[in-house]
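Summary of the model geometry
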Amino acid sequence: MLDLTQLRSFVAVEQMGSFTLAAERLGLGQSTVSQHIQRLEAAIGRRLLARDTHKVVLTTDGEALLSHARAMLSIEGQVQSLFRGHSLRGNLRLGVSEDFVTSQLPAVLEDFVRSHPSVDLELTVALSGTLYEMQDSGEIDLVLAKRRLGDARGRLVYREPLVWLARDPDHILSGGPLPLIAFPPPSVTRSIALEALGRHQIAWRIVCTCGSLSGLTAAARAGMGVLVQPRSMAPSGLREIGKGKLPVLEDVEFVLVPRKGADQALVSALSEDILAKVRSLRSN
């Protein structure tokens, strides 16, 4: 029989792409996680993980096992919830800013859903400004989004510098009004960029507007113009434009904002999961 503890380590390594980060997430030593993987591979008789130049990745056999491992851990969570006296129950509506979703959220949500199978989690992805408007109208219980410096709303998760990005910065800056690739209003990054250009009297034009980060990234990779993003979320294939060529942008802050009247037990449980996960990632 497969060992659930070993499967949990296997899934954690896949999520984090690192034995070290997986060990921190599970509260174990790195050697213990390594032993779990070795014993799991011995039990199955196949190699499950391999290292590339950047991180640990799944082998073909590892990919085949992953969905089954997640299913087994999910069943375990359901059984534990069934016999746990004070398990969390209810509906929680989470709103997350577009640029955060692909970078750090998937592993947090997977762990939360597995740990709290009786909680119905409803996810909304949108611009930060839109999420705040939806929360004000009572449509979202917890928002994970950006705020501008000086804004007091929410609980700080981390602060991040914004940067100018382009496929070929020298070509983009070679002539004419600066071509911008931006989210539509009400976008925090768009407002910061336009205000900075206005203060320095730099001419600009919008060449692409899209509510999806994947769409903006595609336009930037095609060489259409300049994209503004938090530095840690800079898409591959784009280069940061050096200092002195464009105005320095103010930082943004990512925050958790609960709605008054929301189920505080559910909001607190998910908030702590998000905080622990993000801070662990950023400390490495």
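Up top is the structure these notes are about.
This text gives an overview of the structure that appears in the document. On a predicted model such as this, the values are computed, not experimentally measured, just so you know.

**A few points about the overall build of the protein chain**
- Helix and strand counts for the protein chain stand at 10 helices and 12 strands.
- Oriented by its inertia axes, the alpha-carbon framework of the protein chain measures out at about 65 × 45 × 25 Å.
- The 284 residues of the protein chain split such that 47% are buried.
- Contacts spanning at least 24 positions in sequence make up 76% of the contacts within the protein chain whose residues lie at least 6 apart.
- Of the roughly 13,900 Å² that the protein chain leaves accessible, carbon and sulfur atoms contribute 51%.

**Here's the deal with helix α2 (residues 19–26)**
- Taken together, the buried positions of α2 are F19, L21, A22 and A23.
- One side-chain oxygen at the N-terminal end of α2 lies 3.1 Å from the backbone nitrogen of T20; it belongs to S18.
- Positive backbone phi, at 75°, marks G27, one or two positions downstream of α2.

**Notes on a nonpolar patch on the surface**
- Judged by side-chain polarity, L2, I44 and M72 come together as a nonpolar surface patch covering roughly 200 Å² of accessible area.
- Examined against the element boundaries, L2 turns out to sit in the segment before α1 (4–16).
- On the basis of relative accessible area, L2 is assigned to the partly exposed category, the value being 33%.

**Considerations on the sheet that holds strand β11 (residues 239–240)**
- With respect to topology, five strands assemble into an open sheet ordered β9-β8-β10-β7-β11, the strand pairing being mixed. Each end of this open sheet is capped by a strand with a single partner; those strands are β9 (204–209) and β11.
- Relative to strand β10 (residues 226–230), strand β7 (residues 162–166) runs antiparallel, the two being bridged by four bridges. Counterpart to V163 in the pairing with β10 is Q229.
- Seen against the sheet, helix α9 (residues 213–221) touches β8 (178–182), β9 and β10 and runs at an angle of roughly 155° to β8.

**Some words on the packing of α1 against α2**
- The geometry of α1 relative to α2 is characterised by a closest axis approach of 8 Å and an angle of 120° between their N-to-C directions. It follows from the interaxial angle that α1 and α2 lie oblique. Note that α1 runs across α2; the crossing there is right-handed. Taking contact as the criterion, the partners of R8, S9, A12, V13, Q15 and M16 in α1 are, on α2, F19, L21, A22, R25 and L26.

**Examining the pattern of salt bridges**
- Tallied over the full model, the rule gives 12 salt bridges.
- We note a salt bridge from E250 to R148, for which the minimum N-O separation is 3.2 Å. With E250 in the loop between β11 and β12 (252–258) and R148 in strand β5 (residues 142–148), the pair connects residues that are 102 residues apart, well separated along the chain.
- Taking relative accessible area as the criterion, E250 reaches 26% and is therefore assigned partly exposed.
- In this structure R148 comes out as partly exposed when scored by relative accessible area, which is 23%.

**What to know about the pairing of β9**
- Pairing of β8 with β9, which is carried by five bridges, proceeds in the parallel orientation. Residue pairing for β9: I181 is matched across the bridge by C208.
- Running through helix α8 (residues 188–199), the crossover from β8 to the neighbouring parallel element β9 is right-handed.

**Quick word on empty space enclosed by the protein**
- Going through the model one piece at a time under the given rule, you end up with two cavities of 30 Å³ or more.
- The volume enclosed by the largest cavity comes to roughly 80 Å³.
- Contributing to the lining of the largest cavity are L180, I181, A182, F183, T189, R190, A193, L194, L216, V226, L227 and V228.
- Listing elements by their share of the lining of the largest cavity, those giving two or more residues are β8, α8 and β10.
- Of all the elements, α8 adds the most residues to the lining of the largest cavity, at four residues.
- Taken together, the residues of the lining of the largest cavity break down into 10 nonpolar, one polar and one charged.
- Quantified by volume, the second largest cavity comes out at close to 50 Å³.
- Every residue along the wall of the second largest cavity is listed here: S97, E98, D99, A126, L127, S128, K146, F183, S187, V188 and T189.
- The residue inventory of the lining of the second largest cavity, partitioned by class, reads four nonpolar, four polar and three charged.

What counts, and at which threshold
- Residues numbered from 1 in each chain as written.
- Predicted model: local features only at pLDDT ≥ 70, side-chain atom pairs only at ≥ 80, totals over all residues.
- Heavy atoms only, no water.
- Helix = DSSP H or I, 4+ residues; strand = E, 2+ residues; numbered from the N terminus.
- Buried < 20%, exposed > 50% of the residue type's maximum accessible area, 1.4 Å probe, protein only.
- Contact = heavy atoms within 4.5 Å.
- Areas by Shrake-Rupley, 256 points an atom, 1.4 Å probe, with all protein chains shown as cover.
- Polar contact = N/O pair within 3.5 Å; in protein donor to acceptor, adjacent residues only side chain to side chain.
- Patch = residues over 30% accessible without salt bridge, like charges linked within 9 Å, V, L, I, M, F, W, Y side chains within 5 Å.
- Salt bridge = Lys/Arg side-chain N within 4 Å of Asp/Glu carboxyl O.
- Pairing = 2+ DSSP bridges.
- Axes fitted to C-alpha atoms, helices over the stretch in contact; angles between N-to-C directions.
- Parallel < 35°, antiparallel > 145°, perpendicular 65-115°, else oblique.
- Left-handed = near helix turned anticlockwise from the far one by under 90°.
- Right-handed = clockwise from strand over helix to strand, strands pointing away.
- 1 Å grid on protein atoms, 1.4 Å probe; cavity = no way out; pocket = protein on both sides within 12 Å on 5 of 7 lines; lining within 4 Å.
- Points joined across faces, edges and corners; volume = space filled by probe spheres on them.
- Nonpolar A, V, L, I, M, F, W, Y, C, P; charged D, E, K, R; others polar.

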